[in-house]
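Next come the chains, spelled out residue by residue.
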Amino acid sequence: MIKIEKVTLHHITQTLKTPFTSSIGHVTERESLLVEVMDSEGIRGWGEVVAFSTPWYTEETTSTCFHLLKDILVPLTISQTIEHPEELQFIFHKVKRNQMAKASLEGAIWDIYAKKKNISLSSALGGTRNEIECGVVVGISSISSMIDQISRYHEEGYKRFKIKISPAQDIQLLQEIRKTFPDLPLMADANSAYTLDDIEQLKELDQFNLMMIEQPLAAEDIIDHAKLQEKMTTPICLDESIVTSEDARKAIELGSCKIMNIKPGRVGGLTESKKIHDLCQENGISVWCGGMLETSISRAHNIALASLPNFSIPGDISSFSRYWEQDIVLPEIKTVKGKIPVPARPGIGFDINREVLKEYTSSVTTLTK
Ligand SMILES: O=C(O)CCC(=O)c1ccccc1C(=O)O
Ligand SMILES: [Mg+2]
């Protein structure tokens, strides 16, 4: 039984080691809200708001999430008696969308739930792996710089490589990469940069033996993706288009994709992530865990989630050092030969490094009843 007594929102800003560019957004400074929940027995759980400062990836922002948490979601949750984190879906039922705000609080409560049961978050979610395979993402820059980065990450042992593409830089980039790395497990993420009018250009991508193309068309679409999948041999993977398990069901029914990217923040939390995972498993759709340029608090949640059986493709889960100078958890999250062990310790399995957290914190908001 969990009775929430206090929620602390840590507002932090970190500078990325190098700016990250996709077809729709450019990130240099990463603002985040870390959600620390304490229950009546003093057990603490951690979650993270993965929305960005501006609404370029989804409609939420750090500020909308702060408002939702402070004025709506925390007041709905505080002093409730919760037996299982799945109940939060009912508690949040009267709040439309705002998935990233919901997921941050839900994730912290999953952490508390596992800690109170004295089991790992992985076990609490039904995970079956004791290590996960890791992939890495290379943002848009010059072709030579992208190839250099792939080479470096290849030497580090990453198991899957994702490049960001756009109609302005796709075919030539892939030709160059394939010259150097003909067999690399490679995929491309377009973040909705194409429309069906680009179908001839998209079909050209079939020659590069990509594991998949991620979100080529609009974030709101599942109809055009189904039409495109019929014409392309490269499997389509949906990211932005899937915000609920209902979206997933419809995309499966329409044949809009062969693979799904699951991000707890985008779909409103771990309970919904698990539902999508199960639904995809029943329908022969592979899933993998996406990334959001997050801190290691989300990374820890993602590692636990990726230990579920149908996460059969390495996700965007890299070492903290891919993006950050310092890790805010202990032990630091690092890949070794392209893998990360799934912690067996209770909850997320990592401790917060308060010293490092303090360096990045600009304000702290405490919410009680
Ligand atoms: O390494 C990561 O954290 C994932 C990078 C990434 O691709 C991404 C980062 C921010 C927002 C959206 C996306 C995406 O998957 O589309
Ligand atoms: Mg994506």
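Above: the structure in question.
Overview of the structure. What you see is a predicted model, and the numbers here were worked out from it, not measured in a lab.

1. Concerning the coordination of the magnesium ion (ligand 2)
Reasoning step 1: Distances from the magnesium ion (ligand 2) to its protein donors, Asp189 (OD), Glu214 (OE) and Asp239 (OD), fall at 2.1 to 2.3 Å.
Reasoning step 2: Mapped onto the sequence, the residues coordinating the magnesium ion (ligand 2) show the spacing D-x24-E-x24-D. Highlighted residues: Asp189 in strand E8 (residues 186-189) and Glu214 in strand E9 (residues 213-214), separated in sequence by 25 residues.
Reasoning step 3: For Asp189, a relative accessible area of 1% translates into the label buried.

2. Comments concerning unusual backbone geometry
Reasoning step 1: A cis amide bond links Leu330 to the next residue, Pro331, at an omega of -10 degrees.
Reasoning step 2: Within the secondary structure, Pro331 sits in the loop between strand E13 (329-330) and strand E14 (339-341).
Reasoning step 3: Look at Asn98: it is not a glycine, yet its phi comes out positive at around 55 degrees.
Reasoning step 4: Inspection of the secondary structure assignment puts Asn98 in the loop between helix H2 (88-91) and helix H3 (99-117).
Reasoning step 5: One non-glycine residue with positive phi stands out, namely Leu293, at about 55 degrees.
Reasoning step 6: Considering the arrangement of structural elements, one finds Leu293 in the loop between strand E12 (286-289) and helix H12 (296-305).

3. Let's talk about the sheet that holds E8
Reasoning step 1: The 7 strands are arranged E6-E7-E8-E9-E10-E11-E12 in an open sheet whose pairing can be described as parallel. Edge positions in the open sheet fall to strand E6 (135-138) and E12, since each of these has one partner strand only.
Reasoning step 2: Contacting E6 and strand E7 (160-164), helix H5 (residues 143-156) crosses the sheet at an angle of about 160 degrees to E7.
Reasoning step 3: Packed on one face of the sheet, helix H6 (residues 171-180) meets E7 and E8 and runs near 155 degrees to E7.

4. Describing the site of ligand 1
Reasoning step 1: Surveying the vicinity of ligand 1 reveals 17 residues, the closest of which are Lys164, Asp189, Asn191, Leu293 and Tyr323.
Reasoning step 2: Within the contact set of ligand 1, an oxygen atom lies 3.0 Å away from a side-chain nitrogen or oxygen of Asp189.
Reasoning step 3: Interatomic distance of 3.2 Å between a side-chain N/O atom of Asp239 and an oxygen atom of ligand 1.
Reasoning step 4: Compared with its free state, where it exposes 390 Å², ligand 1 has 99% of that area covered by protein.
Reasoning step 5: A domain split of the shell around ligand 1 shows at least three residues from each of domain 1 (2-118 + 351-368) and domain 2 (124-341).

5. A short note on the pattern of salt bridges
Reasoning step 1: Evaluated as defined, the whole model comprises 22 salt bridges.
Reasoning step 2: Across the pair Asp239 and Arg266 runs a salt bridge whose closest N-O atoms are separated by 2.6 Å. Taken together, the positions of Asp239 in the loop between strand E10 (236-238) and helix H9 (245-254) and Arg266 in helix H10 (residues 264-267) put the pair 27 residues apart, joining distant regions of the chain. Comparing Asp239 with Arg266 shows no difference in burial state: the two are buried.
Reasoning step 3: Through salt bridges with shared partners, a single network forms among Arg160, Lys162, Lys164, Asp189, Glu214 and Asp316.

Quick notes on the rules
- Residues take numbers from 1 onward in each chain, read along the sequence in its written order.
- The naming scheme follows written order: chains are lettered A onward, ligands numbered 1 onward.
- Predicted model: local features are reported for residues with pLDDT of at least 70 only, side-chain atom pairs are reported and counted for 80 or more only, and whole-chain, interface and lining totals are derived from all residues.
- Excluded from the side-chain calculation are hydrogens and water; included are all heavy atoms of the structure.
- Nitrogen, oxygen and sulfur within 2.8 Å of a metal are treated as its donors, or within 3.2 Å for sodium, potassium and calcium (Na, K, Ca); water is not counted, so a site can appear incomplete.
- Runs of E in the DSSP output that reach at least two residues are strands. Runs of H or I that reach at least four are helices, and both are numbered from the N terminus.
- Throughout, exposure labels follow a simple rule: accessible area from a 1.4 Å probe, protein chains only, divided by the maximum for the residue type, with under 20% read as buried, over 50% as exposed, and the rest as partly exposed.
- DSSP bridges decide pairing: two strands pair if at least two such bridges lie between them.
- By the convention used here, residues are in contact when the closest approach between their heavy atoms is within 4.5 Å.
- Orientation is described by axes fitted as lines to C-alpha atoms, over the contacting stretch for helices, and by angles from 0 to 180 degrees between their N-to-C directions.
- A cutoff of 4 Å decides nearness: a residue is near a molecule or strand if any of its heavy atoms lies inside that distance of it.
- Under the rule applied, a polar contact is a pair of N or O atoms within 3.5 Å (in protein, one hydrogen donor and one hydrogen acceptor; residues adjacent in sequence only if both atoms are side-chain atoms).
- We get accessible surface area from the Shrake-Rupley algorithm with a probe of 1.4 Å; when it comes to residues, only the shown protein chains can shield them.
- Domain delimitation follows an automatic or database domain assignment.
- Basic side-chain nitrogens of Lys or Arg form a salt bridge, by our definition, when they fall within 4 Å of a carboxyl oxygen of Asp or Glu.

Everything listed here is a matter of geometry and, on its own, says nothing about what the molecule does.
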